[in-house]
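One-letter residues, chain by chain:
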Amino acid sequence: MKLILAALSLLASPIVVNAACHCDCDDYTFYLKVGSGVSVSTSSHVAAPSPPWNPALQGYNTKLGTTPIASLAVGCEFFHLLDLEVSIANRSTFKYRKFQTPATGAASYTRQFDLSVTPILFSANLLGRGISCLSWDMPCATLYPVIGGSVGMSNLLITNYRTTGLPPTGSSTPYASFSAENSYTLRKKFTYTILAGVEYNYKDHWALSTGYRWFDAGSFKGPEYQRVSSGAAVDVGSDTWKMRFKANEWFVEFKIFL
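Residues numbered from 1 in each chain as written. Predicted model: local features only at pLDDT ≥ 70, side-chain atom pairs only at ≥ 80, totals over all residues. Heavy atoms only, no water.

Engineer: Can you break down the layout of surface pockets residue by residue, with the values?
Structural biologist: Quantified by volume, the largest pocket comes out at close to 270 Å³. If you trace the largest pocket, you find 15 residues lining it, with Trp53, Asn54, Arg111, Ser179 and Ala180 closest to the centre. For the lining of the largest pocket, the class distribution of residues is 10 nonpolar, four polar and one charged. (1 Å grid on protein atoms, 1.4 Å probe; cavity = no way out; pocket = protein on both sides within 12 Å on 5 of 7 lines; lining within 4 Å. Points joined across faces, edges and corners; volume = space filled by probe spheres on them. Nonpolar A, V, L, I, M, F, W, Y, C, P; charged D, E, K, R; others polar.)

Okay, here's the thing in structure tokens:
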């Protein structure tokens, strides 16, 4: 009988060990996150083939300005060391405005378009909370660094694309005319981000983070189909504008554990 009991205890040992490991692996928490911040674009690096686009003394490059960020994410935190999440955000609306004087010396005009950027991203963020030398314990809370990155796809919506401030021509007289008009163009581009910041966690009920993020949606094409000042519709084919979207961002995000 003693031999039988000893054998059963040996068989049960790995089961107990496996159960313990299973419990450790269940150290995770789901969360919902909302975010905001500011996105500051870098130069749009517009490349406009000539012809059909007129060379201009001022060139075509300019920044797209600054716009607020609104985001929503769901994710899971593992072992107080790693966040995995999926998010959707909106950056609306960046504005391209470029006053130009043709190199030929003709009348000046302004080229313009608006740009909205809506990415869907999969993110992985490393948390310093699970590393004692990187976290700072406070009454009922913990402060620690966060670094991470994400990959995904962005919808880049170009609207109000046109050249304005042209003199009256043809039937537009006495009113100013415009050209190179397109109401909207949607491009989809691979996107990545990297970030660094700090997070304040209150009793595992909620957390607040802030920091810097680099956002890169790469290069994309402008509208292919346009309406010119004569009213004709034109397909410019491969002679579209080429541009890019990259931005420096400050973010603040609120995370509530479920």
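Engineer: If you had to explain the confidence of the model for the protein to someone new, which residues and values would you point to?
Structural biologist: Predicted coordinates in regions of low pLDDT should not be interpreted in detail. Confidence in the prediction for the protein averages 88 pLDDT; 90% of positions are at 70 or higher. Within the model, the stretch residues 1–8 combines pLDDT values under 50 with zero contacts to residues more than four positions away or in other chains. The low-confidence segment residues 10–25 (pLDDT under 50) makes two contacts with residues lying over four places distant or belonging to another chain. (pLDDT = per-residue confidence, 0-100. Contact = heavy atoms within 4.5 Å.)

Engineer: Please set out the packing of aromatic side chains residue by residue, giving values where relevant.
Structural biologist: According to the stated counting rule, one finds 15 aromatic pairs in the structure shown. Relative to tryptophan 241, the ring of tyrosine 161 has its centre 5.2 Å away and its plane inclined at 65°; by these criteria the two rings are edge-to-face. Of this pair, tyrosine 161 sits in strand E6 (residues 141–166) while tryptophan 241 sits in the loop between strand E10 (233–235) and strand E11 (242–257); the two residues are 80 residues apart in sequence, bridging distant segments of the chain. One aromatic cluster is present, built from ring pairs that chain together Trp53, Tyr60, Tyr96, Phe113, Tyr161 and Trp241. Directly above the aromatic system of phenylalanine 178 lies the positively charged group of arginine 162, at a separation of 5.6 Å from the ring centroid. Taking NZ or CZ as reference, lysine 255 lies 4.7 Å from the ring centre of tyrosine 31, over its face. (Phe/Tyr/Trp six-rings, centres within 6.5 Å; stacked < 30°, edge-to-face > 60°. Helix = DSSP H or I, 4+ residues; strand = E, 2+ residues; numbered from the N terminus. Lys NZ or Arg CZ within 6 Å of the ring centre and 35° of its normal.)

Engineer: Got a sec to walk through the pairing of strand E2 (residues 66–78)? Specific residues and values, please.
Structural biologist: Examined bridge by bridge, strand E1 (residues 28–41) and E2 share 13 bridges and lie antiparallel to one another. Looking at the pairing, phenylalanine 30 lines up with cysteine 76 of E2. As paired strands, E2 and strand E3 (residues 82–100) are joined by 10 bridges and run antiparallel to one another. Note that in E3 the partner of valine 74 across the bridge is valine 86. (Pairing = 2+ DSSP bridges.)

Engineer: Give me the side chain of aspartate 114: which residues, what numbers.
Structural biologist: In this structure, aspartate 114 sits in strand E4 (residues 109–127). Its relative accessible area of 6% is what places aspartate 114 among the buried residues. Among the polar contacts listed, one links the side chain of aspartate 114 to the side chain of asparagine 160, at a separation of 2.8 Å. Apart from residues no more than four positions distant in its own chain, aspartate 114 is found in contact with Thr93, Phe94, Lys95, Arg97, Leu157, Ile158, Thr159 and Asn160. (Buried < 20%, exposed > 50% of the residue type's maximum accessible area, 1.4 Å probe, protein only. Polar contact = N/O pair within 3.5 Å; in protein donor to acceptor, adjacent residues only side chain to side chain.)

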